[in-house]
Amino acid sequence: MLVLKKVKKQWRLYPIGSPKGALNHKREPEFVGNIKFSQEGDSLSIARFVADYNFKDNSTLNEKLVPPGEVTKLLRSQAVFLATPDEKVEKFLKSLNIKVRKTRVCDYCAYEGNITIVNSSYSYKYHNQLICKDCAHDTIKHELKLQGFDKKIFRNLKKTLEKTDDLEKTLSVLDPHFDPLKNRKLTLFDKTRKSKHIIPPVDMKRLKIPREFK
Ligand SMILES: [Zn+2]
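Just so you know, the residues in each chain are numbered from 1, in the order the chain's sequence is written. The model is predicted, so local features are restricted to residues of pLDDT at least 70 and side-chain atom pairs to those at 80 or more, both for listing and for counting; the totals for chains, interfaces and linings are taken over all residues. Calculation of side-chain values draws on the structure's entire complement of heavy atoms; hydrogens and water are dropped beforehand.

Here we have seven strands laid out as an open sheet, ordered 6-5-4-2-1-7-8, and mixed in their pairing. Each of the sheet's edge strands pairs with one partner strand only, and the pair in question is strand 6 (63–65) and strand 8 (100–102). Averaged over all adjacent pairs, the angle separating strand axes in this sheet is 35 degrees, with direction ignored. Whether two strands pair comes down to DSSP finding at least two bridges between them. Only DSSP runs of H or I with at least four residues qualify as helices, and only runs of E with at least two residues qualify as strands; both kinds are numbered from the N terminus onward. Direction of pairing for strand 4 (residues 32–40) relative to strand 5 (residues 43–52): antiparallel, over a ladder of nine bridges. The partner of serine 38 across the bridge, within strand 5, is serine 45. Relative to strand 5, helix 1 (residues 68–77) is tilted by about 90 degrees, and along the sheet it contacts strand 1 (2–7), strand 2 (10–15), strand 5 and strand 7 (80–82). Between two residues, a contact is recorded if the distance between any of their heavy atoms is within 4.5 Å. Helix axes are fitted only over the stretch in contact, all axes being lines through C-alpha atoms; the angle between N-to-C directions runs from 0 to 180 degrees. Along the sheet, helix 2 (residues 87–95) contacts strand 1, strand 2, strand 4, strand 5, strand 7 and strand 8; its crossing angle with strand 5, the most-contacted strand, is approximately 90 degrees.

Next comes the structure, spelled out in structure tokens:
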């Protein structure tokens, strides 16, 4: 399968292999394709396509220029998933008779040159971005280290993340201005469980109280 995504104003194509088992698992693509579209009126066409076979390495040594005709062939050969909604790109794909499927991927992974297709139970919102569970956990660990907190807190924050589904809210407890009284549901530490001795209400009739006292 091919994933098309816009990362920092740049359209990228990630060939990530079989869709089977791709959900919620990070995939390293064969290469990262950088696409430059040219626009005529309302329709797009591929002006330039560079396949980067070693994305992690910043050099251009492993880059290969692919002619637009070859890119079209590639797009027609596999299922194409659009990870950034875009009407023009959708129209472009449809003009090539390519069925457009939509998906959601982790923004952090894509930025690093990988693709993690996520569903809602494996992803969180973070500063208007979508972030996978692994990247969310890494972000929490990084913040704890950065602010000098004990690693043990990680477990509690992981729980908060599951509860709130919101990484920003989860990390807000690390903020020095965090007010625990205003945010009773968020906490850095586990609340110690207290056994509750609830005294059951007793029916007055069952108590043998002399009539005059009732
Ligand atoms: Zn990720």
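Here the narrative resumes, following the displayed structure.
Moving on to the coordination of the zinc ion. Coordination of the zinc ion by the protein involves Cys106 (SG), Cys109 (SG), Cys132 (SG) and Cys135 (SG), with metal-donor separations of 2.3 Å. Counted as donors are N, O and S atoms no farther than 2.8 Å from the metal, or 3.2 Å for Na, K and Ca; water is not among the atoms, and sites may therefore look incomplete. Metal sites are grouped by the angles between bound donors: all angles between 85 and 135 degrees with four donors is tetrahedral, opposite donors over 155 degrees apart with the others between 65 and 115 is square planar for four donors and octahedral for six, and any other pattern is irregular. Considering all four donor atoms around the zinc ion, the spread of angles at the metal, 104 to 116 degrees, places the coordination shape in the tetrahedral class. In primary-sequence terms, the residues that donate to the zinc ion follow C-x2-C-x22-C-x2-C. Pair noted here: cysteine 109 is in helix 3 (residues 107–111) and cysteine 135 is in helix 4 (residues 133–146), with a separation of 26 residues, a long-range link. Only protein chains enter the accessibility calculation, which uses a 1.4 Å probe; a residue is then buried when its area is under 20% of its type maximum, exposed when over 50%, and partly exposed in between. Among the residues examined, cysteine 109 registers a relative accessible area of 3% and is labelled buried. Take cysteine 135: its relative accessible area is 13%, and that puts it in the buried class.

With that settled, consider the packing of helix 4 against helix 5 (residues 153–164). Where helix 4 contacts helix 5, the axes come no closer than 10 Å and their chain directions differ by 135 degrees. Relative to helix 5, the element helix 4 is oriented oblique. Along this stretch, helix 4 crosses helix 5, giving a crossing that reads as right-handed. Seen from helix 4, the contacting residues are Lys133, Ala136, His137, Ile140, Lys141 and Leu144; seen from helix 5, they are Ile153, Phe154, Leu157, Lys158, Leu161 and Glu162. Looking at the contact of helix 4 with helix 5 residue by residue, the class counts come to seven nonpolar, one polar and four charged. In these notes the angle categories are as follows: under 35 degrees is roughly parallel, over 145 is roughly antiparallel, 65 to 115 is roughly perpendicular, and the rest is oblique. For any helix crossing, the convention is left-handed if the near helix is rotated counterclockwise from the far helix by under a right angle, and right-handed if that rotation is clockwise. Only Asp, Glu, Lys and Arg are considered charged in this grouping, and only Ala, Val, Leu, Ile, Met, Phe, Trp, Tyr, Cys and Pro are considered nonpolar; every other residue, Gly among them, is considered polar.

A few words now on the pairing of strand 11 (residues 129–132). Pairing geometry for strand 10 (residues 123–126) and strand 11, over four bridges, is antiparallel. Note on strand 11: the bridge partner recorded for tyrosine 126 is glutamine 129. The turn linking strand 10 back onto strand 11 is made up of two residues, and histidine 127 within it adopts a positive phi angle of 45 degrees.

Our next topic: the nonpolar core. Counting 23 residues, the largest nonpolar core has Ile131, Cys132, Ile140, Leu144, Leu157 and Leu167 as its most contacted members. Elements supplying a minimum of two residues to this core: strand 10, strand 11, helix 4, helix 5 and helix 6 (167–171). Not counting chain neighbours up to four residues away, the residues in contact with leucine 144 comprise Phe149, Asp150, Ile153, Phe154, Leu157 and Leu174. Definition of nonpolar core: a set of buried residues of the types Ala, Val, Leu, Ile, Met, Phe, Trp, Tyr and Cys, connected through side-chain atoms within 4.5 Å. Ranked by size, the runner-up nonpolar core spans 22 residues in total, among them Leu4, Phe49, Leu75 and Val80.

The next point concerns helix 1. If you check which residues of helix 1 are buried, you get Val71, Thr72 and Leu75. Taken end-on, helix 1 shows its buried residues confined to a sector of 100 degrees, consistent with a single buried face. Turned more than 90 degrees away from the buried face of helix 1 sit Lys73 and Ser77, all of them exposed. Taken together, the buried residues of helix 1 touch strand 1, strand 2, strand 5, strand 7 and helix 2. The arc in question is formed by the directions pointing from the helix axis toward the C-beta atoms.

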